[in-house]
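Topology and contacts: notes
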Amino acid sequence: MAFAPAVWLAAQAELYEDDEEAEVNNFPEPQKNYLGDYNDDYLFERFRLTRPCISFITDCVRLRMKVTLQQMNGPSVDEMVIVALDYYVNGILSTKVVDMIQMEQMEIHEVINNVSKVLSGMVREFITFPANGEERANVAHEIKKICGIPTSMGLVGCMHVKVRPPHHDKEAFRNTMDNHTVMTQVICDCEGNLMSVENCCVGSTPEQTIWDMSDIAQQLKHGAHGTHWIIAGKGYALSRHLLTTVSPAKEKADRRFNAAHGMIHSVLQRTITLVKRRFRCLANLGHVQQNSLDKKAEIIKACCVLHNIAKKFSVPALNDTVLETMHPAKNHQVPVVEVPSYAEKSRAAIIGIYFSHSSGNDGISD
């Protein structure tokens, strides 16, 4: 449920209309189709994406950069996308791509920033929450099939990306794993489609604080997405919309619930792992200043948009069994907040109805 079929079809229709408009206005075509220089195997090996997927991404960027088609002296959109993808996927530019594109270093950085800004601006089109009650029910049904927890429409957590902060500001970026990072709150469904991506913060920010400030939390607060839960990790507090584990779990039913919660929340861990392994630039985004995180946020959001597009094109996932470590660390304490009694009662009702008896294969006997 990363984005509704209607959104997808509208995006394709807009692309086709733009192609016709370009012909009518005699916009110059891109100087060269650089994808033609690669066979399919090399494209996937180098860019971790298939040819149709890359072509669609290029068309999406071209649609939003019409002015580039009229700039005879600047790089073509095809060149810009190849350069940006090479950076996202490999963290550095290959000698082959640099030699082929023939850009200066400063121009390359500008191209990456421009493409990242364009792709990050596509978040509202390709990273969306279920649009109505029926779609929310479908997502909740799929989650319940996996773990038994009902009325939940997503999994929330934070993706940490290493950076190199200035010496005087290192503590602000130090996370609970003692790494210097920026962090971005993401929500995904049980198939690993991203449904929400927030702006990034310094790595020391408590996850609950990010949630409280997030756009999606405000939308839920005002009833925009119904009364469903979001399944949250240990950095969050139980609330009307956040469903957390029971701690301490004294009863067998509580332990069954916690096991089911951990099972489904691991989907978020695998999703974050896939995003960061596919786009290796997220291994380390380099130098950063606390008061200028926008460029880093645009790169992260660009990679998240590309992740959802890749899933839509059924691009094969990478075979990587080493999962990202989820934050916060074990010694982290959730900020003390008053847990509403109705939230505790609602969670207790779920546990009582769905987890009071052993399933026979959960390892927790009655």
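Because the structure is a prediction, the values reported are computed rather than measured.

Attention now goes to helix α4 (residues 77-90). An α-helix turns once every 3.6 residues. As a result, residues three or four positions apart point the same way. Helix length check: α4 (14 residues) gives 20 Å between terminal C-alpha atoms against 20 Å at 1.5 Å per residue, within 8%. Among the 14 residues of α4, 14 are classified as buried, and the element is accordingly described as predominantly covered. Just downstream of α4, G91 is the residue with a positive phi angle, here 80°.

Another point: the packing of aromatic side chains. Following the criterion strictly, the structure yields four aromatic pairs and no others. Their ring planes at 85° and their centres at 6.2 Å tell us that F56 and F126 sit as a pair that is edge-to-face. Of this pair, F56 sits in helix α3 (residues 51-64) while F126 is found in helix α7 (residues 123-126), placing the two residues 70 residues apart along the sequence. The two residues F56 and F126 agree in class, both being buried. Through successive ring pairs, a cluster of aromatic residues spans F56, F126 and F313.

Where α3 contacts helix α13 (residues 294-312), the axes come no closer than 10 Å and their chain directions differ by 135°. On the basis of their axis angle, the class for α3 and α13 is oblique. For the crossing formed where α3 meets α13, the hand is right-handed. Within the contact between the two elements, α3 uses C53, F56 and I57 and α13 uses L306, I309 and A310.

Each value, and the rule that gives it
- Residues numbered from 1 in each chain as written.
- Predicted model: local features only at pLDDT ≥ 70, side-chain atom pairs only at ≥ 80, totals over all residues.
- Heavy atoms only, no water.
- Helix = DSSP H or I, 4+ residues; strand = E, 2+ residues; numbered from the N terminus.
- Expected span 1.5 Å × (residues − 1).
- Buried < 20%, exposed > 50% of the residue type's maximum accessible area, 1.4 Å probe, protein only.
- Phe/Tyr/Trp six-rings, centres within 6.5 Å; stacked < 30°, edge-to-face > 60°.
- Axes fitted to C-alpha atoms, helices over the stretch in contact; angles between N-to-C directions.
- Parallel < 35°, antiparallel > 145°, perpendicular 65-115°, else oblique.
- Left-handed = near helix turned anticlockwise from the far one by under 90°.
- Contact = heavy atoms within 4.5 Å.

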